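Spelled out from the first residue to the last, the chains are:
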Amino acid sequence: MANAKIIEMKAKQVAEVQEKIAKAQSVVVFDYRGLSVAEVTALRNEMRKAGVEYVVLKNSIVERAAKEAGVDDAILAYLKGPSAFAFGYEDAVAPAKILKDCIKKTKKCEMKGGIINGVVSDAAAMNALADLPPREVLIARLLGSMMSPISGLAIVLDQIAKQKGEVPAAE
């Protein structure tokens, strides 16, 4: 009787984690050993503010959930030893960025790897992801680069109009 309940409970956990993996834009697997309770609390608060879910799960549960979610078996390499997971639902960069900042401050934990939009990535890729500028900055850069040719064209047309002695329409 107890075994059936345990199996049912674990199956429910696997289904919940599978749903989290499917819903998340990124999942960072990291080793949290060495962090004090105060540091973990600060990390959780920082993640919560950014819309990131911090969870400590059994590797076997995550392994089963990842298989059911169709994630590559390469994730198994990162599911060794104590593991915590940061699920980024709204921003793929946020979990890696917050963890990298935490590692820089505390010098205690380390990223093992993770999943970015369904693709398994190593710790180097997660660090590279953390180095990306915020989404708003990337959008501003994109818009700036799109506007640059248009503003250049406007300046050229204005100078041509002045050379011909015509008054530009903007004035």
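The present account deals with the structure reproduced in this document. (Residues numbered from 1 in each chain as written. Predicted model: local features only at pLDDT ≥ 70, side-chain atom pairs only at ≥ 80, totals over all residues. Heavy atoms only, no water.)

### Notes on the overall build of the protein
Counted only if it meets this: Strands are runs of DSSP state E lasting at least two residues, helices are runs of H or I lasting at least four, and both sets are numbered from the N terminus onward. In this description the radius of gyration comes from C-alpha coordinates, and the expected globular size is given by 2.2 Å times residues to the power 0.38. A 1.4 Å probe rolled over the protein chains alone gives each residue an accessible area, and that area as a share of the maximum for its type sets the label: buried under 20%, exposed over 50%, partly exposed in between. Here the open area of atoms and residues is found with the Shrake-Rupley method and a 1.4 Å probe, where only the protein chains shown may cover a residue. Only four residue types enter the charge count: Lys and Arg as positive, Asp and Glu as negative, with His and the chain ends excluded. For this purpose, a charge sits on NZ of Lys, CZ of Arg, CG of Asp or CD of Glu.
A tally of helices and strands in the protein yields six helices and five strands. What you see for the protein is a C-alpha radius of gyration of 24 Å, clearly larger than the 16 Å of a compact globule of 171 residues, by over 25%. Oriented by its inertia axes, the alpha-carbon framework of the protein measures out at about 95 × 35 × 25 Å. Residues counted as buried form 34% of the 171 residues belonging to the protein. Split by element, the accessible area of the protein, about 10600 Å² in all, is 58% carbon and sulfur. If you average the places of the 24 positive and of the 21 negative side-chain charges in the protein, the two averages end up 6 Å apart.

### Looking at the packing of aromatic side chains
Spelled out, the test is: In summary, the pairing rule links any two rings of Phe, Tyr or Trp, Trp by its six-membered ring, whose centres are within 6.5 Å, and it sorts them by plane angle into stacked for under 30 degrees, edge-to-face for over 60 and tilted for everything else.
Under the definition given, this model contains two aromatic pairs. Ring centres 5.6 Å apart and planes at 50° place the aromatic pair Phe30 and Tyr54 in the tilted group. In this pair, Phe30 is assigned in strand 1 (residues 26–31) and Tyr54 in strand 2 (residues 52–56), connecting sequence segments 24 residues apart. A single burial state applies to Phe30 and to Tyr54, both of which are buried.

### Notes on the sheet that holds strand 5 (residues 119–122)
As a reminder of what qualifies: Each pair of strands is called paired provided DSSP finds at least two bridges between the two strands. Fitted lines through C-alpha atoms serve as axes, helices being fitted only where they are in contact, and the angles separating the N-to-C directions of these axes extend from 0 to 180 degrees. The contact criterion used is simple: two residues touch if any of their non-hydrogen atoms lie within 4.5 Å.
Pairing within the open sheet is antiparallel, and its five strands lie in the order 2-3-1-4-5. In the strand order of this sheet, the two ends are held by strand 2 and strand 5, each with one partner. Each neighbouring strand pair of the sheet contributes to a mean axis angle of 20°, computed without reference to strand direction. Lying over the sheet, helix 2 (residues 37–49) contacts strand 1, strand 2 and strand 3 (84–88), oriented at roughly 145° with respect to strand 2.

### Considerations on the nonpolar core
Put simply, the rule reads: Residue types Ala, Val, Leu, Ile, Met, Phe, Trp, Tyr and Cys, when buried and joined through side-chain atoms within 4.5 Å, form a set referred to as a nonpolar core.
Counting 22 residues, the largest nonpolar core has Val28, Phe30, Leu43, Met47, Tyr54, Ala86 and Leu99 as the members making the most contacts within it. Secondary structure elements with two or more residues in this core: strand 1, helix 2, strand 2, strand 3, helix 4 (94–106), strand 4 (110–116) and helix 5 (123–131). Counting residues per element, this core draws most heavily on helix 4, which supplies five residues. Ignoring sequence-local partners within four residues, the contact set of Phe30 consists of Leu43, Tyr54, Pro82, Ser83, Ala84, Phe85, Ala86, Leu99, Glu110, Met111 and Lys112. Counting 21 residues, the second-largest nonpolar core is a separate cluster that includes Val55, Ile61, Tyr89 and Ile115.

### Here's the deal with helix 4
Going by this rule: Any helix carries an expected span of 1.5 Å times its number of residues minus one.
The end-to-end C-alpha distance of helix 4 is 18 Å, a good match for the 18 Å that 13 residues give at a rise of 1.5 Å each. Within helix 4, the full set of buried residues consists of Ala94, Pro95, Ala96, Ile98, Leu99, Cys102 and Thr106. On its buried face, helix 4 is in contact with strand 1, helix 2, strand 2, strand 3, strand 4 and helix 5.

### As for the environment of Thr41
Inspection of the secondary structure puts Thr41 in helix 2. Distance from Thr41 to Asp72, taken between C-alpha atoms, is 32 Å for residues 31 residues apart in sequence.

### What about the packing of helix 2 against helix 4?
Cut-off, in case you're wondering: Here is the rule for angles: anything less than 35 degrees is roughly parallel, anything more than 145 is roughly antiparallel, 65 through 115 is roughly perpendicular, and the remaining ranges are oblique. Here a crossing is called left-handed whenever its near helix is offset anticlockwise from the far helix by less than a right angle, and right-handed whenever the offset is clockwise.
With their axes 10 Å apart at the nearest point, helix 2 and helix 4 run at an angle of 155° to one another. With respect to helix 4, the element helix 2 is oriented roughly antiparallel. When the axes of helix 2 and helix 4 are compared, the crossing they make is right-handed. Of the residues in helix 4, those in contact with Glu39, Leu43, Glu46 and Met47 of helix 2 are Ile98, Leu99, Cys102 and Thr106.

The values reported here are purely geometric and, on their own, carry no functional implication.
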